[in-house]
Amino acid sequence: MKSVKVQIGGADYHLMFNGEAMFRLQDMYGDKPIFDILSPNSKEAFEELCRVLAVLAEQGELIRRQLGYDKSRMLTEEQAKTLITPVEILALKLAVFKAVALGYGREIEDTEGVVDLVLAELEKKARPA
């Protein structure tokens, strides 16, 4: 299983988009794409980023424990709000998008850590249904 490793407040967290995370995010946002929720540069989008990070980090930690790794810290929404710096916001949004893509089984070619999510979203919308 692949996760996306991020660092928040000096601690490592593994973001995992599994079935539980998928249904929890659906309960939170319905059918609205996570890209649309997190993309704006607003306080509301930041708060949602913190909520999503807490869900994905929790699932990543639970999976690590199932695989026999030592217990690590769980990231809470409140910790994320406090510890994330402005310069980290965009990188964490990209990490969430990458974790979701990996969860759906889509490999993202990571050339120097840059993923053009806007282009990917436009390509997705351009495909016939």
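Within each chain, residue numbers correspond to sequence positions counted from 1 in written order. Under the rules for a predicted model, residues below a pLDDT of 70 receive no local features and side-chain atom pairs below 80 are neither given nor counted, while totals for whole chains, interfaces and linings still include all residues. Computation of side-chain values: all heavy atoms of the structure, hydrogens and water removed.

**Focus: the packing of aromatic side chains**
Where we set the bar: Only rings of Phe, Tyr and Trp enter the pairing, Trp through its six-membered ring, and a pair is recorded when the two centres are within 6.5 Å. The plane angle decides the type: under 30 degrees is stacked, over 60 is edge-to-face, the rest tilted. The way it works is that DSSP assigns letters per residue, a run of H or I at least four long becomes a helix, a run of E at least two long becomes a strand, and they are numbered from the N terminus. When accessible area is computed with a 1.4 Å probe and restricted to protein chains, residues below 20% of their type maximum are described as buried, those above 50% as exposed, and intermediate ones as partly exposed.
Tallied over the full model, the rule gives two aromatic pairs. Relative to Y104, the ring of F17 lies with its centre 5.1 Å away and its plane at 55°, an arrangement referred to as tilted. Placement of the pair is F17 in the loop between strand 2 (11-15) and helix 1 (19-29) and Y104 in the loop between helix 5 (89-103) and helix 6 (117-126), with a sequence separation of 87 residues. The interplanar angle of 40° and the centroid separation of 5.3 Å between the aromatic rings of F35 and F97 together place this pair among those described as tilted. Note that F35 is positioned in helix 2 (residues 34-38) and F97 in helix 5, a separation of 62 residues in sequence. Looking at F35, the relative accessible area reads 18%, which means it is buried.

**So, the confidence of the model for the chain**
Heads up, the condition is: pLDDT runs from 0 to 100 and stands for how confident the predictor is about each residue. Should any heavy atoms of two residues lie within 4.5 Å, those residues are considered in contact.
Of the residues in the chain, 81% reach a pLDDT of 70 or more, and the chain-wide mean stands at 87. Scored below 50 in pLDDT, residues 111-119 shows seven contacts in the model against residues more than four places distant or in partner chains.

**Observations regarding helix 5**
Quick note on the threshold: To estimate how far a helix should extend, the number of its residues minus one is multiplied by 1.5 Å.
With 15 residues, helix 5 ought to run about 21 Å at 1.5 Å a step, and its terminal C-alpha atoms sit 21 Å apart, in line with that. Every buried residue of helix 5 is listed here: L92, K93, A95, V96, F97, A99, V100, A101 and L102. Positive backbone phi, approximately 85°, marks G105, located one or two places after helix 5.

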